[in-house]
Amino acid sequence: MNPKRKKRLYIVLFIVFGVAVAVGLTLFALNQNINLFYSPTQIATGEAPTDTRIRAGGMVVDGSVKRAADSLDVMFEITDYEKTVSVHYSGILPDLFREGQGIVAQGELDSQGVFQAVEVLAKHDENYMPAEVAEALEKAGKMPMPSGQEFNK
Amino acid sequence: MIPELGQYALILSLCMSVLLGFVPLIGAARNNALWCGFARPLAVALFGFVLFSFLCLAWAFYSNDFSVAYVASNSNSALPWYFRLSAVWGGHEGSLLLWLLILAGWTVAVAIKSDNLPDDMRARVLAVMGLIATGFILFVLFTSSPFERYLPQMPQEGADLNPLLQDFGLIVHPPMLYMGYVGFSVAFAFAIAALLSGRLDAAWARWSRPWTNIAWAFLTLGIALGSWWAYYELGWGGWWFWDPVENASLMPWLVGTALVHSLAVTEKRGVFKSWTVLLAIFAFSLSLLGTFLVRSGVLTSVHAFASDPDRGFFILALLAIAIGGSLLLYAFKASHVKSESSFGFVSRETLLLVNNVLLTVSCATVLLGTLYPLLIDALGLGKLSVGPPYFNALFVPLGLLLMISLGVGTLVRWKQTSGALMLQQLWLPGVLALVAGALSVVSLPEFPGVWVSVGLVLAWWIVFTGLRDLFNRVRAKSSPFGAVFKQSRAYYGMMFAHAGVAVLVVGVALVSTFSEHSDLRMEPGDRKAFNDYEFVFERMDKVDGPNFHSDTGVIQVLYKGKPYTTMYPEKRLYTARNNVMTEAAIDPGLFRDLYVALGESLDGDAWAIRVQYKPFVRWIWLGGLLMTLGGILAATDPRYRKQARRDMAAQSA
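Scoring rules and cut-offs
- Residues numbered from 1 in each chain as written.
- Chains lettered and ligands numbered in written order.
- Predicted model: local features only at pLDDT ≥ 70, side-chain atom pairs only at ≥ 80, totals over all residues.
- Heavy atoms only, no water.
- Axes fitted to C-alpha atoms, helices over the stretch in contact; angles between N-to-C directions.
- Helix = DSSP H or I, 4+ residues; strand = E, 2+ residues; numbered from the N terminus.
- Parallel < 35°, antiparallel > 145°, perpendicular 65-115°, else oblique.
- Left-handed = near helix turned anticlockwise from the far one by under 90°.
- Contact = heavy atoms within 4.5 Å.
- Nonpolar A, V, L, I, M, F, W, Y, C, P; charged D, E, K, R; others polar.
- Buried < 20%, exposed > 50% of the residue type's maximum accessible area, 1.4 Å probe, protein only.
- UniProt positions renumbered as here; feature names shortened; annotations may be inferred.
- pLDDT = per-residue confidence, 0-100.
- Pairing = 2+ DSSP bridges.

Caption draft 1: Main features of the packing of helix 1 (residues 3-32) of chain A against helix 13 (residues 348-378) of chain B. Their axes nearest at 11 Å, the elements helix 1 of chain A and helix 13 of chain B cross at an angle of 30°. By the angle between their axes, helix 1 of chain A is roughly parallel relative to helix 13 of chain B. When the axes of helix 1 of chain A and helix 13 of chain B are compared, the crossing they make is right-handed. Contacts between helix 1 of chain A and helix 13 of chain B involve Ile11(A), Phe14(A), Ala22(A), Thr26(A) and Leu30(A) from the first element and Leu353(B), Val354(B), Val361(B), Thr365(B), Leu368(B) and Tyr372(B) from the second. Among the residues forming the contact of helix 1 of chain A with helix 13 of chain B, the class breakdown is nine nonpolar, two polar and no charged.

Structure below.
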């Protein structure tokens, strides 16, 4: 092999090696960090796994938000108007968290069927409904507004 | 009347851009100097019409013309004038018009600043810019015209600008970011022009470099501003969320950074040419992809405006034409490109290749993490999201490798260095970095973990290798100290940008490790201590602003038991749409920020309050500013102008 080819071979080997390591690491990391979305119905019927990081979303049930008297613990219920799931969260809720509003929560489902949220997301727009929630409601045939498109405007 | 003029000007600008896209291109292909000569006046005309159109929209905002639908849905007469003007780009349609204005601005800048370019090259570059403008003007005219009217029943009052956007951040972040995004269109146009003409040489790289550097500097600044804005305005003290839209701006930045370095190699050594062209194509394609992701509504995030399938489809088609067309051209032409020289295994070329590989791999991982959820959704396999741990797990090791190679690359020579010489250069900075890094780690309140320690050592590594390089350059001079100030501007640019990396890494490492925060339920009189600071919640006040009512918390801060400052976090209710907004109170400092944000009112006098202590958070944006400064210094090096004149003479001879 002449030196030029040899050098090229090194470069190619280096790149192949680098790409292989990168792809391996990437897929591993991706696998560890995917959070699947589940609707309240899916959670209530036991489709969602427990003790795994997932996302859950729905409309906050009117009158369901209960604050603890001496801490920032809060319990509320989310619904797709078919089934309802209790959510527990400790901390400050986002500005747009309101009863009757669509939210997405990130966290784990415990063995009692209560969703232990570590993060609650509500978008910075009063008409916003998270896309996942809109789809879940549509599936359940319970979209509260004329159509999802309208709602997201 | 004025909005109609704006619309009309936009249509005229379409005519200009179509002419600009074709006439000079044909002229260049046929060696017709007259047709080539149309490029500059057409570029000026394009800019003039787009600017006029933009000013018409700005006037509609300024004069509260709520008969214009876009104004009515994004402004309100109670807004102060500067927010009314920045509301021009507060929504989808206007931000696209800003995109266009900036594109036309870059085009006209190239037209003016291209005296040193051969006529056919200039014609081709401007024509490519014209073609890009054509695509986007069509997009604005057909799917998102900002000039549509609500007639005859116009609303009496506008719906107001999203309160999140009523901020200094909106005034500066989008224009800077767009300057960067769209600026890569110049590098792209140069690459396509070079492919078309078959003249991929050092001169091409030299012409392209200052434009690429300046676009990169703007993009860096735009991203840093966005991060800073999110930090103080979203209310939660985060500075980077791995939100898909942030990723959309990070991807062109990563590839753009690779491009800046690869162009340097192409200019100095005449190698990596086809790779450089490919990077230029990718950098702009990723900018377009970013625009697609943000504007089509496939993503839901703070940035996504109303979604409309037509728009998504249109941008996707544009994207396909731009990327597909340029890659096709590349496939046909790039195989003829030959390297002008070779290089050894241990050389600066190799290190810059490593830099490029690492940056593009980083970009690919971000791309995967961003598009994977969309892909799975499109295939109907479920809804999912990819969490920040994924990005952190990949970015930390890649970033550290990049820092190692940065230090080595600064000190090895072009073409070939012997291993012994390299070691002789590197051992001292290495030892110093280890010592300084160890001292830094020891001076921290507690052991920060392996990754952070390595990060600190490598930040010092960048500093010491840079100093060593400077020392090498000046030691042989008659007055070494004076020579420190007599280096080229491009060299200082490099030093600043690399120092920016070190500063950024220190900031990221320390703020991620030593931030303290707690969400508290506080009643008046309650206290909370962090390090040497103590926060005392005194009371809540009611304050009224021009278009909002505010609950303002009064929080006394004590430093080592003595009164230090008072902070006023707010909870604002914007009356136009009944939006609630958190305005955090921040006490900034070079080494730490104090950050207080109000949650919600609890029963009685109690409030939920988030108190944070963020060490070194400013260093993140300081690093960004240093990089920006570096990019601007490098771009304005007089060497380019002088050399370009020489190239021009050589080409015409």
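Structure shown, so let's carry the discussion forward.
Caption draft 2: Representation of the environment of Trp275(B). All names here are of chain B. Note that tryptophan 275 resides in helix 11 (residues 273-295). Judged by its relative accessible area of 26%, tryptophan 275 falls in the partly exposed class. The sequence separation of tryptophan 275 and leucine 263 amounts to twelve residues, and the corresponding C-alpha distance is 9.4 Å.

Caption draft 3: Broad picture of the UniProt feature "domain: Cytochrome c-type biogenesis protein CcmF C-terminal" (unreviewed entry) in chain B. In the numbering adopted here, UniProt assigns the feature "domain: Cytochrome c-type biogenesis protein CcmF C-terminal" (unreviewed entry) to residues 316-637 of chain B. End C-alpha to end C-alpha, residues 316-637 of chain B measures 38 Å, and it is 53% helix and 24% strand.

Caption draft 4: Summary view of the confidence of the model for chain B. For chain B, per-residue confidence averages 89 on the pLDDT scale, and 97% of positions sit at 70 or higher. The complex model carries a pTM of 0.91, and its ipTM stands at 0.77.

Caption draft 5: Representation of the pairing of strand 10 (residues 592-601) of chain B within the structure. Residue and element names in this part refer to chain B. Most of strand 10 sits inside the fold, with eight of its ten residues counted as buried. Inspection of the sheet shows strand 9 (residues 585-587) paired to strand 10 by three bridges, in the antiparallel sense. Bridging across to strand 10, aspartate 587 finds its partner in leucine 594. As consecutive antiparallel partners, strand 9 and strand 10 are separated by four residues. Inspection of the sheet shows strand 10 paired to strand 11 (residues 607-615) by eight bridges, in the antiparallel sense. Note that in strand 11 the partner of alanine 597 across the bridge is arginine 610. Between the antiparallel neighbours strand 10 and strand 11 lie five residues, among them glycine 604 with a positive phi of about 70°.

Caption draft 6: Here's a closer look at unusual backbone geometry. Residue and element names in this part refer to chain B. One non-glycine residue, asparagine 31, adopts positive backbone phi at about 60°. Considering the arrangement of structural elements, one finds asparagine 31 in the loop between helix 1 (2-29) and helix 2 (33-37). Classification of asparagine 31 as exposed rests on a relative accessible area of 71%. Phi at phenylalanine 616 is positive, roughly 60°, even though this residue is not glycine. Within the element layout of this structure, phenylalanine 616 appears in the loop between strand 11 and helix 19 (618-635). Using a relative accessible area of 18% as the deciding quantity, one classes phenylalanine 616 as buried.

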